[in-house]
Amino acid sequence: MKKRTHKCNEVSKDLIGKDISITGWIRRRRDHGGVIFFDVRDETGLVQVVYNPELKEIFGLAESCRNEFVIYSKGKVRERPEGTVNKNLISGEVEIEATELTILNTSLPLPFQLDEHSSVGEETRLKFRFLDLRRDEMQSNLRLRAKVSQVLREFLNHNDYIEIETPLLTKATPEGARDYVVPSRTFPGSFFALPQSPQLFKQTLMASGFERYYQFAKCFRDEDLRADRQPEFTQLDIESSFVDASEIINLVTEMIKTVFKESLDIDLGDFPVLSYSDAIELYGIDKPDLRNPLTFIEVKDLFKDSDFKVFSEPANDEESRIAALSVPKGETLTRKQIDDYTDFVGNYGAKGLAYIRVEDPSKGKEGLQSPIIKFIDDEIINKLLTVLDSKKGDIIFFGAGKRNIVNDSLAALRNLLGKDLDLLESDWAPCWVVDFPMFEKNNKGELTPLHHPFTAPRGSIDELKADPLNALTDAYDVVLNGTELGGGSVRIHDHEMQKVVLSLLGINEEQAEEKFGFLTSALQHGCPPHAGLAIGFDRMIMLMTNSESIRDVIAFPKTQTASCLLTDAPGEASNEQLDELHIKFHGLEKEKK
RNA sequence: GGACCGGUAGUUCAGUUUGGUUAGAACGCCGCCCUGUCACGGCGGAGGUCGCGAGUUCGAGUCUCGUCCGGUCCGCCA
């Protein structure tokens, strides 16, 4: 193959008069009849090559070239004629006057245009992913991804962390999601599970004396997909021995700041820390977007004696809350928009969306406009306006009802209002959320871990047993712009404590032994205290590239039904394969080939 | 499991509300012309299983039902 002497972006004024050669794709061909221009693209950028009719042979060849042909071309670098400099190109002051042209490969016409001026549906993009990845946006996303992983590795290596790989073919563990399962040929009827995270392995490595571990770990969860969720994804997994929560938090804060600084030249500033309970109280969610200045204000007490049942019932119910969101610029919202918001909070179980428009707060009730105002006493209204410090033009939204419904619906509304009314006050707002409860109750009334069953509760075993629902942990989530970037905790290293936590979750010793005896055994053989965290690497890149979807930062992602449009995976297994794996279909006729 | 949006030329879309002649546009593609363009330009041309299947109707891209595919969200994802 003919070798290039330079890459496209290296062609500059310094090379004027020199004979050089380049290789790349014809991004665009402009044929003027008497002169032909190619914009040639390689991984560095674009350069213009000019073909003149004096050199009949290569001119003819150039006429036969089409977009996305792969070529080698040689020629003399020269300054562009006056008035033809292209300031949009790094190499735009010069061009190559071609003396040689070789077509290294041709290309069929593309199924879609690669330039930034045309839009393409995602289905087509995914089907021809190899072409989609040629586009500038995808190139820069994946290149940033590589850069970020490099900075993270350097940071962790520099802090004496070492990377250790853990198996993908492993055993189902008591983690929350549905497992991807792989049949065993050698053990009929037995299955491997792909890891949902390397959690148990990294704790085991702590018992093994690798005091500082990290890994870019592929994780698999067979759950329904979202714009920010893929069935296989990458975690930056970190664990360290002899450290407490603050040391992990400090390390990871520094790490994330370093990555943003070195990859994007962004200074993230301080990472405020707020407790789980404050986060829920103020934002209704454990991953608040702190770019948004709106906070919930609890107004339950005001309505204890109100005649307005919609409010007085939750006001007198232990499990309910009444939260108000006082929104500046709310006057611009139309009736239609408010109706849409009402439908929107309905998705989260809210039965309605009460609101008050504040037209002139000095006039008290007369200065307000709202369908609920006639049900509320003047005295309560006045207190409300004072508590909320209401100003002309505000609109106040209320969530009243069961805590989780109010929290979920109003938290989602808060995010939507932030976007619709352009309320966000900064580009980046990181924070830590700490002091998570150990357990919560699921809808069956059973205890489930908020984090996972290997998170260490604070306090003693006796305290935990006495009041498990009020036990707090040293778990911590790092949140950026309303996205959970990562989370972790101090782990249980005491065998007795681990037994108690598992028993509270309804897992007896025998079951624990069968599922992850290796961990309980490790805990009994000198496992040091340890703590760690995992970062959602794809989500982090999604934020850093300002992408709408996690699919835009993954080279070969799956669709919402977890299929791959490029490879057409998943596919059928042959009868031979199924026989070897001792698998038969029931209730599903396998198509005969 | 549920709600909603979309599927028409290679691509992005219009046309669907109110059923009616031969389904349009732009970009791309093909041909011819063009010596300074850079999203080149001009002229001409080809290109359609209106996702699929039933149904209603004299007649369906358009209405009804079902189904498949893509997407957003709820549930789910410790």
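Look up: the structure comes first, before these words.
So, a few notes on the structure that sits alongside this text. (Residues numbered from 1 in each chain as written. Chains lettered and ligands numbered in written order. Predicted model: local features only at pLDDT ≥ 70, side-chain atom pairs only at ≥ 80, totals over all residues. Heavy atoms only, no water.)

**Details of the overall build of chain A**
Looking only at helices and strands, chain A has 16 helices and 22 strands in total. In terms of overall dimensions, chain A has C-alpha extents of about 95 × 75 × 55 Å along its principal axes. Taken over 593 residues, chain A has a buried fraction of 47%. At a minimum sequence separation of 6, the contacts of chain A that also span at least 24 residues come to 69%. Per element, the accessible surface of chain A, about 30,500 Å² overall, is 49% carbon and sulfur. The centroid of the 73 positive side-chain charges in chain A is displaced by 5 Å from the centroid of its 99 negative side-chain charges. (Helix = DSSP H or I, 4+ residues; strand = E, 2+ residues; numbered from the N terminus. Buried < 20%, exposed > 50% of the residue type's maximum accessible area, 1.4 Å probe, protein only. Contact = heavy atoms within 4.5 Å. Areas by Shrake-Rupley, 256 points an atom, 1.4 Å probe, with all protein chains shown as cover. Lys, Arg positive; Asp, Glu negative; His and termini not counted. Charge placed at Lys NZ, Arg CZ, Asp CG, Glu CD.)

**A look at the pattern of salt bridges**
Summed over the entire model, instances satisfying the criterion amount to 45 salt bridges. Here Arg 78 ties to Glu 97 by a salt bridge, and the two come within 2.9 Å at their closest N and O atoms. Of this pair, Arg 78 sits in strand β4 (residues 70-79) while Glu 97 is found in strand β5 (residues 94-105), placing the two residues 19 residues apart along the sequence. Assessed through its relative accessible area of 26%, Arg 78 is described here as partly exposed. Judged by its relative accessible area of 29%, Glu 97 falls in the partly exposed class. We note a salt bridge from Arg 551 to Glu 122, for which the minimum N-O separation is 2.4 Å. (Salt bridge = Lys/Arg side-chain N within 4 Å of Asp/Glu carboxyl O.)

**Some words on helix α11 (residues 403-420)**
In this model, α11 (18 residues) spans 25 Å end to end at C-alpha, consistent with the 26 Å of a helix rising 1.5 Å per residue. For α11, the full list of buried residues reads Val 406, Asn 407, Ser 409, Leu 410, Ala 411, Ala 412, Leu 413, Arg 414, Leu 416, Leu 417 and Gly 418. Tucked into the core, α11 has its buried residues touching α7 (276-283), β12 (296-298), β13 (320-327), α9 (335-346) and β16 (395-402). A positive backbone phi angle near 55 degrees is found at Asp 422, which sits one or two residues after α11. (Expected span 1.5 Å × (residues − 1).)

**Remarks on the side chain of Lys 558**
Mapped onto the secondary structure, Lys 558 falls in the loop between α15 (537-544) and α16 (575-580). Among the polar contacts made by the side chain of Lys 558, one reaches the side chain of Glu 232 at a distance of 3.2 Å. Sequence-distant contacts of Lys 558, that is, excluding residues within four places in its chain, are made with Leu 225, Gln 230, Pro 231, Glu 232, Arg 551, Ser 563 and Cys 564. (Polar contact = N/O pair within 3.5 Å; in protein donor to acceptor, adjacent residues only side chain to side chain.)

**Things to note about the side chain of Thr 455**
Its place among the elements puts Thr 455 in the loop between β19 (447-449) and α12 (461-466). Classification of Thr 455 as buried rests on a relative accessible area of 1%. A distance of 3.3 Å separates the side chain of Thr 455 from the side chain of Ser 489, its partner in a polar contact. Sequence-distant contacts of Thr 455, defined by excluding residues within four places in its chain, comprise Met 438, Thr 473, Ala 475, Ser 489, Val 490 and Ile 492.

**Some thoughts on a nonpolar patch on the surface**
On the surface, Phe 130, Phe 556 and Leu 566 cluster together into a nonpolar patch covering about 300 Å² of accessible area. Relative to the helices and strands, Phe 130 is located in helix α3 (residues 129-132). Taking relative accessible area as the criterion, Phe 130 reaches 49% and is therefore assigned partly exposed. (Patch = residues over 30% accessible without salt bridge, like charges linked within 9 Å, V, L, I, M, F, W, Y side chains within 5 Å.)

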